[in-house]
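Descriptive structure summary
So you can see what is in the structure, the chains are spelled out below.
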Amino acid sequence: YFAIFTVLTIVFVLISKVLMYVFFALAIISFIVLVVILTMVEIYAERLIVLKNMGPWEAWKKALSLSKGNFLNTVVMGLINSMLGCAISCVGSLALIIVLAIPGVILALPMFANGFHFVWISAIGLFILFLLGIYANLLFRAVLVVFNTGNWNLFFKQIDDEKLS
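Let me sum up the structure you'll find in this document. (Residues numbered from 1 in each chain as written. Predicted model: local features only at pLDDT ≥ 70, side-chain atom pairs only at ≥ 80, totals over all residues. Heavy atoms only, no water.)

The full count for this structure, using the stated rule, is two salt bridges. Where E46 meets R47, a salt bridge forms, and the shortest distance between an N and an O atom there is 3.0 Å. According to the relative accessible area criterion, E46 is partly exposed, its value standing at 39%. Accessibility expressed as a relative area gives 7% for R47, which makes it buried. Among the ionic pairs, K52 bridges to D160, the shortest N-O distance being 2.6 Å. In this pair, K52 sits in helix α1 (residues 2-52) while D160 sits in helix α4 (residues 120-164), placing the two residues 108 residues apart along the sequence. (Salt bridge = Lys/Arg side-chain N within 4 Å of Asp/Glu carboxyl O. Buried < 20%, exposed > 50% of the residue type's maximum accessible area, 1.4 Å probe, protein only. Helix = DSSP H or I, 4+ residues; strand = E, 2+ residues; numbered from the N terminus.)

Turning next to the environment of Y44. With respect to the helices and strands, the residue Y44 is situated in helix α1. Assessed through its relative accessible area of 1%, Y44 is described here as buried. Along the primary structure Y44 and W152 are separated by 108 residues, whereas in three dimensions their C-alpha atoms are 8.8 Å apart. In contact with Y44, not counting residues within four places along its chain, are A63, L66, S67, N70, T74, F155, F156 and I159. (Contact = heavy atoms within 4.5 Å.)

All right, on to the packing of aromatic side chains then. This structure, assessed with the given rule, holds two aromatic pairs. Ring geometry for Y44 and F156: centres 6.4 Å apart, planes at 50 degrees, overall tilted. Placement of the pair is Y44 in helix α1 and F156 in helix α4, with a sequence separation of 112 residues. By relative accessible area, which is 3% here, F156 ends up buried. Both rings, one in W152 and one in F155, keep their centres 5.7 Å apart while their planes meet at 80 degrees; by these two values the pair is edge-to-face. In this pair, W152 and F155 both sit in helix α4, three residues apart, roughly one turn of the helix. (Phe/Tyr/Trp six-rings, centres within 6.5 Å; stacked < 30°, edge-to-face > 60°.)

Bringing the nonpolar core into the picture now. Nonpolar side chains in soluble globular proteins tend to end up buried together. Y44, L48, A63, L66 and F155 are the most contacted members of the largest nonpolar core, which totals 14 residues. With five residues, the top contributor of residues to this core is α1. (Core = buried A, V, L, I, M, F, W, Y, C linked by side-chain atoms within 4.5 Å.)

We now examine α1. Compared with the 75 Å implied by 1.5 Å per residue over 51 residues, the 72 Å span of α1 between its first and last C-alpha is a close match. Just downstream of α1, N53 is the residue with a positive phi angle, here 55 degrees. (Expected span 1.5 Å × (residues − 1).)

The following block contains the structure:
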């Protein structure tokens, strides 16, 4: 009996582990699908509220309908916007690092000449470079937000024109 009980226990544990992993995978997939759908509805609902003067609930229902009818096109546009934004951000960050790193090294070298000692002018210069980096990063982000918003508005206008004609 002990051998049968042991085998049944091992089988039960294995089945429960497999079911746990399947459930976990389904939960993650369901979450990702829900996030994609809600993001698509949000993109359309924003434009319907702002551009078409709809109320929130009316815009939500219409956005859900638009999302269903233009699912693939919206996903492709989202991927294009995301990849372009990522590429521009990476290139901009690398350029920013290169542009600010050279003056940063020049300003930091006096602090490390003959051992470390604090040099006020270098510290102030490094702080100003840090602030310039933050400002440039915010500027890159603002450009990307304007680009993405314009892109989504044009995409919405194209879909809206197709629906009306």
